[in-house]
Amino acid sequence: MTPTVEYLEERFDTFNRMCFDGALPRIPIKLSGARSFVGRLTYRPVRDWRGRVVRHEDFVLRISTRFDLPETEIEDTLIHEMIHCWIAFNGIKDSATHGREFRAKMKEINTLHGRHLTISHKSTPEELDRDTRIREHHVCVSRLADGRTAVTVAASTCVAKIRRAFRWSPTVRSSAWFESRDPWFNRFPRCRTPKLFPVDPVLLQQHLDGGDTLW
Ligand SMILES: [Zn+2]
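Rules and cut-offs
Residues numbered from 1 in each chain as written. Predicted model: local features only at pLDDT ≥ 70, side-chain atom pairs only at ≥ 80, totals over all residues. Heavy atoms only, no water. Buried < 20%, exposed > 50% of the residue type's maximum accessible area, 1.4 Å probe, protein only. Helix = DSSP H or I, 4+ residues; strand = E, 2+ residues; numbered from the N terminus. Pairing = 2+ DSSP bridges. 1 Å grid on protein atoms, 1.4 Å probe; cavity = no way out; pocket = protein on both sides within 12 Å on 5 of 7 lines; lining within 4 Å. Points joined across faces, edges and corners; volume = space filled by probe spheres on them. Nonpolar A, V, L, I, M, F, W, Y, C, P; charged D, E, K, R; others polar. Phe/Tyr/Trp six-rings, centres within 6.5 Å; stacked < 30°, edge-to-face > 60°. Lys NZ or Arg CZ within 6 Å of the ring centre and 35° of its normal. Core = buried A, V, L, I, M, F, W, Y, C linked by side-chain atoms within 4.5 Å. Contact = heavy atoms within 4.5 Å. Domains from an automatic or database assignment. Salt bridge = Lys/Arg side-chain N within 4 Å of Asp/Glu carboxyl O.

With that out of the way, let us pick up the pairing of strand E4 (residues 137-144). Burial analysis of E4 places seven of its eight residues in the buried class, the great majority of the element. Sheet topology note: the E4/strand E5 (residues 149-154) ladder contains six bridges and is antiparallel. Bridge pairing in E5 places Arg-143 opposite Thr-149.

This is the structure we're talking about:
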């Protein structure tokens, strides 16, 4: 089906009562023609004089009409975005974009209301950029035999093991290690085994300290 704004607003109010005790603010819902997402929530952080986020404002929930999805999937997408809204609006600290708090709420809704919410939808660029926690990362940048550039964020206890593995890997032509606190690297899983995540080298360069050219 192709949802309308009126339909989504009615569903929003219903799920708000059913799953969130009516605690969510009524936020603008817009239709989008995007191919890159089915549902997306955007909002703006408001900071105090120290730069700490005190609340979030300007919530907008977008649902793409580009895909012909069954009604239940549109509803599940709407509820998924409503969980993001619930977390941001209440200032809940979560461990990741779809972290512990998100999953707990999702599980509760699935169990109590027989829904099939997932987090399998690919995180949008906005969602990834919103993860701004400062953590120490052991980053390995590899140039692959096929010319691509790849990133590996290693668990600190596995750096030596992964370094050795890459040295002997036919896939890896060369690699270099960096320490970084740039939250951009939060989007990569912490690897205990030698995994390679191909990235855009120009984008990567912006997130390596000093901006030196790597190769
Ligand atoms: Zn999400």
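Here we take up the layout of surface pockets. Space inside the largest pocket adds up to approximately 830 Å³. Lining the largest pocket are 25 residues, with Tyr-43, His-56, Ile-92, Arg-130 and Thr-132 sitting closest to its centre. Elements that contribute at least two residues to the lining of the largest pocket include exactly strand E2 (39-47), strand E3 (53-64), helix H2 (71-89) and helix H4 (125-129). Partitioned by chemical class, the residues of the lining of the largest pocket number nine nonpolar, seven polar and nine charged.

Counted according to the given criterion, the structure contains seven aromatic pairs. Taken together, a centroid distance of 5.2 Å and an interplanar angle of 40° make the contact between Tyr-43 and Phe-59 tilted. Taken together, the positions of Tyr-43 in strand E2 and Phe-59 in strand E3 put the pair 16 residues apart, joining distant regions of the chain. The exposure class of Phe-59 is buried, given its relative accessible area of 7%. Between Phe-188 and Phe-197 the ring centres are 6.2 Å apart and the planes differ by 55°, which places this aromatic pair in the tilted class. Given the relative accessible area of 10%, Phe-188 is considered buried. By way of ring pairs, the aromatic residues Trp-184, Phe-185, Phe-188 and Phe-197 are connected into one cluster. One Lys or Arg, Arg-11, reaches over the ring of Phe-15 and ends 5.2 Å from the middle of that ring.

Below, the discussion takes up unusual backbone geometry. At Asp-21, a position not held by glycine, the phi torsion is positive, near 55°. Mapped onto the fold, Asp-21 is located in the loop between helix H1 (5-20) and strand E1 (29-32). On the basis of relative accessible area, Asp-21 is assigned to the exposed category, the value being 75%. Notably, Asp-58 is not glycine yet its phi reads approximately 55°, a positive angle. Along the polypeptide, Asp-58 turns up in strand E3. Asp-58 gets classed as partly exposed once you look at its relative accessible area, which sits at 48%.

Moving on: the nonpolar core. By size, the foremost hydrophobic cluster in this structure holds 28 residues, and its most contacted members are Phe-20, Leu-61, Met-82 and Ile-83. Those elements that place two or more of their residues in this core are H1, E2, E3, H2 and helix H3 (100-113). Residue contacts for Leu-61: discarding those within four places in its chain leaves Phe-12, Ile-27, Pro-28, Ile-29, Lys-30, Arg-40, Leu-41, Leu-78, Glu-81 and Met-82. Counting residues in each nonpolar core, the second largest holds eleven residues, with Cys-140, Leu-144, Ala-154 and Phe-166 among its members.

Now for the domain arrangement of the protein. As assigned here, the protein comprises domain 1 (5-129) and domain 2 (137-211). Distance from the C-alpha centre of domain 1 to the C-alpha centre of domain 2: 32 Å.

So, about the pattern of salt bridges. Applying the stated criterion across every chain yields a total of twelve salt bridges. Residue Glu-57 is joined to Arg-44 by a salt bridge in which the shortest nitrogen-to-oxygen separation is 2.9 Å. In this pair, Glu-57 is assigned in strand E3 and Arg-44 in strand E2, connecting sequence segments 13 residues apart. For the salt bridge of Asp-58 with Arg-44, the shortest nitrogen-to-oxygen distance reads 2.8 Å. A residue pair is termed long-range when its members are at least 10 positions apart, and Asp-58 in strand E3 and Arg-44 in strand E2 qualify at 14 residues. Residue Arg-44 is classed as partly exposed on the basis of its relative accessible area, which comes to 39%. Look at the salt bridges and you will find they share partners, linking Glu-10, Arg-11, Glu-75, Asp-76 and Arg-115 into a network.

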